[in-house]
Amino acid sequence: MPVAEDAGASSPRDIAVSMEHGVTEVHGRAEDLQSELFTPGSGERPAPDGYGEPEGVVAAAEGARTSMEVSGGVPGGGAFSVNTDVISGIEGSLTGVAETVGGALAGLVPVTAELHLWSLTGQPSLAGAGALADLVSRDLLGQMAGLEASAARLVLARQNYETVERALTSLLAGPVWGSPLYGVTRPLARDCGRTLEDLDVALARAGIDSPHEFLERVQPWQYGLIIRGGGPRGTDALIRGPGLDDLMEGLLKYPVVPGRSASGSHTAPGVSAGTPGAGADVPGPGAVAAEPDGRTGGAASSAPRPLTLGQHARALAVGLLTAYGRSEKTTGGAGDPLRDAAGEEPGVLEAMLAPAAAAVLPASLAGIAWYTPYRNGRRLTPAEAFDRGVPAALRPALGPRALREARREVFTGVTRANAARHHMTGMPERPLPAGVRHAGAVPTSIAGTAAALKDAKNIVSGAGPDGAQVENSTVMVQKATDGNGRSAYSVVLTGTEKWKDGPGVHDLKGIGQGITAQPDAALTELPQAQRMAVQALQDAGIRPGDTVVLTGHSLGGIDAAGLAANRAFRERYDVAAVTTFGSPVGDFEIPEGTSVMAVEHVDDVVPTLDGVPNPDAGHRSTVRVNTPYHDALALKQGFSGIGAHEMYVYTVGAQGITDSRHPAVVAHERLLADAVPHGPGTRTETYVYEGREEH
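Everything numeric in this text was worked out from a predicted model, so none of it was measured.

*Asks:* Tell me about the overall build of the chain, and name the residues and values.
*Replies:* Helix and strand counts for the chain stand at 20 helices and 17 strands. Counting all 695 residues of the chain, 51% fall into the buried class. For the chain, long-range pairs separated by at least 24 residues make up 76% of all intrachain contacts whose partners lie at least 6 apart in sequence. Summing over all exposed atoms, the chain offers an accessible surface of approximately 29,900 Å²; the carbon and sulfur share of this is 58%.

*Asks:* Describe the nonpolar core, naming the residues involved and giving the relevant values.
*Replies:* Core analysis: the largest hydrophobic core is formed by 45 residues, its most contacted members being Val491, Val548, Leu550, Leu563 and Phe569. In contact with Val491, not counting residues within four places along its chain, are Met476, Val477, Ala533, Leu537, Val548, Val549, Leu550 and Thr551. Ala450, Ala456, Ile459 and Val665 belong to the second largest nonpolar core, which has 29 residues in total.

*Asks:* Before we move on, could you go through the side chain of Asp546 and cite the residues and values that matter?
*Replies:* By secondary structure assignment, the location of Asp546 is in the loop between helix H15 (528-539) and strand S13 (547-553). Accessibility expressed as a relative area gives 11% for Asp546, which makes it buried. Residues within four places of Asp546 in sequence aside, it is in contact with Tyr489, Gly541, Tyr573 and Asp574.

*Asks:* Give a detailed account of the pairing of strand S17 (residues 683-694), specifying residues and quantitative values.
*Replies:* Among the 12 residues of S17, 9 are classified as buried, and the element is accordingly described as predominantly covered. Note: strand S10 (residues 408-413) against S17, 6 bridges, orientation antiparallel. The residue bridging Gly413 from the neighbouring strand is Tyr689, located in S17. Sheet topology places strand S11 (residues 474-481) next to S17; 8 bridges connect them, and they run antiparallel. By the bridge assignment, Met476 is partnered in S17 with Val688.

*Asks:* Describe in detail the confidence of the model for the chain, supporting the description with residues and values.
*Replies:* Predicted coordinates in areas of low pLDDT are best not read in detail. Scored by pLDDT, the chain has a mean of 74; 63% of the residues are at 70 or more. Every residue in residues 260-302 scores below 50 in pLDDT, and together they form 129 contacts with partners more than four places removed in sequence or on other chains.

*Asks:* Can you break down the packing of helix H13 (residues 446-458) against helix H19 (residues 647-660) residue by residue, with the values?
*Replies:* Two numbers describe how H13 lies on H19: the axes approach to 7 Å, and their chain directions differ by 160°. When the interaxial angle is binned, H13 and H19 end up roughly antiparallel. The handedness of the crossing between H13 and H19 is left-handed. Along its contact with H13, which presents Ile446, Ala447, Ala450, Ala451, Leu453, Lys454 and Asn458, the element H19 presents Met647, Tyr648, Tyr650, Thr651, Ala654, Gln655, Ile657 and Thr658. The residue inventory of the contact of H13 with H19, partitioned by class, reads 10 nonpolar, 4 polar and 1 charged.

*Asks:* Can you tell me about the sheet that holds strand S15 (residues 595-601), naming the residues and giving the values?
*Replies:* Across the sheet, 10 strands lie side by side as S1-S10-S17-S11-S12-S13-S14-S15-S16-S2; this open sheet has mixed pairing. Single-partner strands in this sheet number two, and they are strand S1 (24-27) and strand S2 (69-72). Averaged over all adjacent pairs, the angle separating strand axes in this sheet is 15°, with direction ignored. Contacts from H19 reach S13, strand S14 (574-581), S15 and strand S16 (620-625) within the one sheet, and its direction differs from that of S15 by about 120°.

*Asks:* How would you explain unusual backbone geometry if you had to name every residue and give the values?
*Replies:* Phi is positive for Arg233, which is not a glycine, with a value near 55°. With respect to the helices and strands, Arg233 occurs in the loop between strand S4 (224-227) and strand S5 (237-239). Positive phi values are uncommon outside glycine, yet His423 reaches one of about 65°. Structurally, His423 can be placed in the loop between S10 and H13. Residue classification places His423 among the partly exposed positions, given a relative accessible area of 24%.

*Asks:* So what about the packing of aromatic side chains? Which residues, and what values?
*Replies:* By the definition in use, this model includes 3 aromatic pairs. On the basis of an interplanar angle of 70° and a centroid distance of 5.2 Å, the ring pair of Phe569 and Tyr573 is categorised as edge-to-face. One exposure class covers both Phe569 and Tyr573, and it is buried. Aromatic side chains Phe581 and Tyr650 sit 6.1 Å apart centroid to centroid with 65° between the ring planes, which places their arrangement in the edge-to-face category. You can see Phe581 sitting in strand S14 and its partner Tyr650 sitting in helix H19, a full 69 residues away along the chain.

*Asks:* Lay out the pattern of salt bridges with the relevant residues and their values.
*Replies:* On inspection of all chains with the given rule, the structure shows 23 salt bridges. Of the charged contacts, one joins Arg408 and Glu25 as a salt bridge, the two residues approaching to 3.2 Å between their closest N and O atoms. In this pair, Arg408 sits in strand S10 while Glu25 sits in strand S1, placing the two residues 383 residues apart along the sequence. Classification of Arg408 as partly exposed rests on a relative accessible area of 26%. The exposure class of Glu25 is buried, given its relative accessible area of 11%. As a salt-bridge pair, Arg486 and Asp482 come within 3.7 Å of each other at their nearest N and O atoms. Each of the salt bridges in this network shares a partner with another, and the network as a whole consists of Glu25, Arg407, Arg408 and Glu694.

*Asks:* Now, about the packing of helix H14 (residues 508-516) against helix H16 (residues 555-565): what can you tell me, with residues and values included?
*Replies:* Running from N to C, H14 and H16 point in directions that differ by 30°, and their axes come no closer than 9 Å. Relative to H16, the element H14 lies roughly parallel. Crossing of H14 against H16: the hand is left-handed. Residues Gly510, Ile511, Gly514 and Ile515 of H14 form the contact with H16, whose participating residues are Leu555, Ile558 and Asp559. Across the contact of H14 with H16, the residue classes break down as 4 nonpolar, 2 polar and 1 charged.

*Asks:* Could you give an account of H19, naming the residues involved and the relevant values?
*Replies:* With 14 residues, H19 extends 20 Å from end C-alpha to end C-alpha; this agrees with the ideal 20 Å at 1.5 Å per step. Of all 14 residues that make up H19, 12 are buried, and the element is covered over most of its length. If you check which residues of H19 are buried, you get Met647, Tyr648, Val649, Tyr650, Thr651, Val652, Gly653, Ala654, Gln655, Gly656, Ile657 and Thr658. One side-chain oxygen at the N-terminal end of H19 lies 2.5 Å from the backbone nitrogen of Tyr648; it belongs to Glu646. Among the residues trailing H19, Arg661 stands out with phi positive, at a value near 55°.

*Asks:* Now, about the pairing of S10: what can you tell me, with residues and values included?
*Replies:* Across the 6 residues of S10, 5 count as buried, placing the element largely inside the fold. Relative to S10, S1 is paired through 4 bridges, and the arrangement is parallel. By the bridge assignment for S10, Val26 is matched with Phe411.

Criteria and thresholds
Per chain, residues are indexed from 1 in the order of the written sequence. Local features in this predicted model are restricted to residues whose pLDDT is 70 or higher, and side-chain atom pairs enter the listing and the counts only when it is 80 or higher, whereas totals over whole chains, interfaces and linings include all residues. Computation of side-chain values: all heavy atoms of the structure, hydrogens and water removed. Per the convention used, a helix needs a DSSP run of H or I reaching at least four residues, while a strand needs a run of E reaching at least two, with both numbered from the N terminus. Only protein chains enter the accessibility calculation, which uses a 1.4 Å probe; a residue whose area is less than 20% of its type maximum is buried, one above 50% is exposed, and one in between is partly exposed. By definition in these notes, contact holds between two residues if any of their heavy atoms fall within 4.5 Å. Computed with a 1.4 Å probe, the accessible areas rest on the Shrake-Rupley method; for each residue, only the protein chains presented here act as cover. In plain words, nonpolar cores are sets of buried Ala, Val, Leu, Ile, Met, Phe, Trp, Tyr and Cys residues tied together by side-chain atoms within 4.5 Å. Being paired, for any two strands, means DSSP has found at least two bridges between them. Known as pLDDT, the predictor's per-residue confidence is scaled from 0 to 100. To get an axis, fit a line to the C-alpha atoms, keeping to the stretch in contact for a helix; angles then go from 0 to 180 degrees between the N-to-C directions. For classification, angles of less than 35 degrees are called roughly parallel, those exceeding 145 degrees roughly antiparallel, those between 65 and 115 degrees roughly perpendicular, and all remaining angles oblique. Here a crossing is taken to be left-handed if its near helix is turned anticlockwise relative to the far helix by less than a right angle, and right-handed if that turn runs clockwise. Put simply, Ala, Val, Leu, Ile, Met, Phe, Trp, Tyr, Cys and Pro go in the nonpolar bin, Asp, Glu, Lys and Arg in the charged bin, and everything else, Gly too, in the polar bin. By convention, a stacked pair of Phe, Tyr or Trp rings (six-membered ring in the case of Trp) has centres within 6.5 Å and planes under 30 degrees apart, an edge-to-face pair has planes over 60 apart, and any other such pair is tilted. Salt bridges, as used here, are contacts in which a Lys or Arg side-chain nitrogen is within 4 Å of a carboxyl oxygen on Asp or Glu. Expected span of a helix, by definition, is 1.5 Å for each gap between consecutive residues, and there is one gap fewer than residues. Under this definition, polar contacts are N or O atom pairs within 3.5 Å; protein pairs additionally need one hydrogen-donor-capable and one acceptor-capable atom, and for neighbouring residues in sequence, both atoms have to be side-chain atoms.

Structure below.
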């Protein structure tokens, strides 16, 4: 389709990436909406329910700061080690003191001997001086012996620590650490330890030191324990044991399919590259070249690893939903989703399920006897029967969420003239937790990126003509320019709006596209939200080589990591940093040169759904944060793994992360500050696109 542009657009484009791809239409260019969206109003911004008390928000941020766990980001930070440098330093200091004392003692020997000789003359003062010299010498001898003994104990302690370090490193890096069983139980064991530490800290804060006080101030709760006064600043502490997120993390990382090398370029599990969304067969898990640690989101690896249960489930889910969508298109919703319009079987699910079903079903004679249908005049194997039975059984639940191919998709640039029609909401009406500040400038801290994400989430609000809440199907790009004319760009990508294939871009299809995006795809073949981001960047005036920082929550984090991992995007722009909140991004291969920080709440189940661990490296870090805020988190879904996924919770936790001054946090924020112009004299521009599709 031809690309339509507003005649009054202000900033020139560079060599534009054409969005003429299949059914995509671009209706007008976006305009700078900074003054419309980020002009401060009178009074405080509204606070969402449960976040209206500044002291409570501050206490929750402090709790997040004191309980956060960081892995990666600092070279060697992920390994078990005991720092014996301090011990060695003290040992050397003691040895030096002992040598000094020994020198003083050696100097006293001739002086003492001479005093004793002169005392023979009968002078009482000389006799007293000789006796005093004897006492000093004996005391110095004792001190020197003590120093030498202490130094010897430190030497022994250092040797013991180093021995323990070697033993633990050998144990944890060996078969036990890498065994599938330990991989399943490790998250549970880790969170059991965290729970005991949280309980100890809360009891100490509350000053509970007797059984009577324990009974009065510790109360059971549906999600754990409430300790009155055990939280920061006198708030109540919430103590929770291992939850759904820990169980899911362990199970989804369990290896189920041996790794195999793929021919050609890397193919992630799910929808193959091409027109994003649907219409292509899904490769089986065995066709995926996995990365070290099970990652499958980057360049192909010469050392394929076993696929995890989470990766296998992802491939199955995307394959099923795509097959249902294809079936709905060709048969009007009827028929077998495993058959195309010609009645042929693509064999998508058979390729994915056969290995697992063949391994599981033969172990049960009853299961074999139960699966006894026939096809083509022969009896089906258990794996084939399982493959045929699953789609029919899941159709009632998954059919309504089928991923359908778009008949037409439209990206509309938001301007001053059409902002109200797109339900744009100015800053005075957009809520943030009490005490959290965001002025609309491009953020250079973890706290700022979280606030910017929540602002972007609330930019669209209100009800449509049918009375239903409108969907935020927007992508926001901000441009910051300093007084010298240097510019950098921030892409803000929000999370899922609809858990079905709806008309917007932040929906179930967006997830399917995001987790299956190919790193070698052209910019016109990216998922819808990512293509909108590229379009908004061009409208903002980006040029090849300019700097970009990416921020996303949930699905938005998947899109942010997908852009950073895309080779064409990286070749065109300098991707300085990626910050994600509550996103499963472990299998995106993002090269060095880009600082990546993944923020995850300890009770959030969503980051575990990719089924692979986040890589720890000098340029990649993960911050697991706990926000012990009873009033907010207990409002609706509690700690089921969904309430902790809310961006308001991450916004509060991000304040504590920034306040922690952890070396990995400081390094990431320094890169953000170096990349993005900020401070007096900086001009900020905001560009927004809305995306819709028709089926």
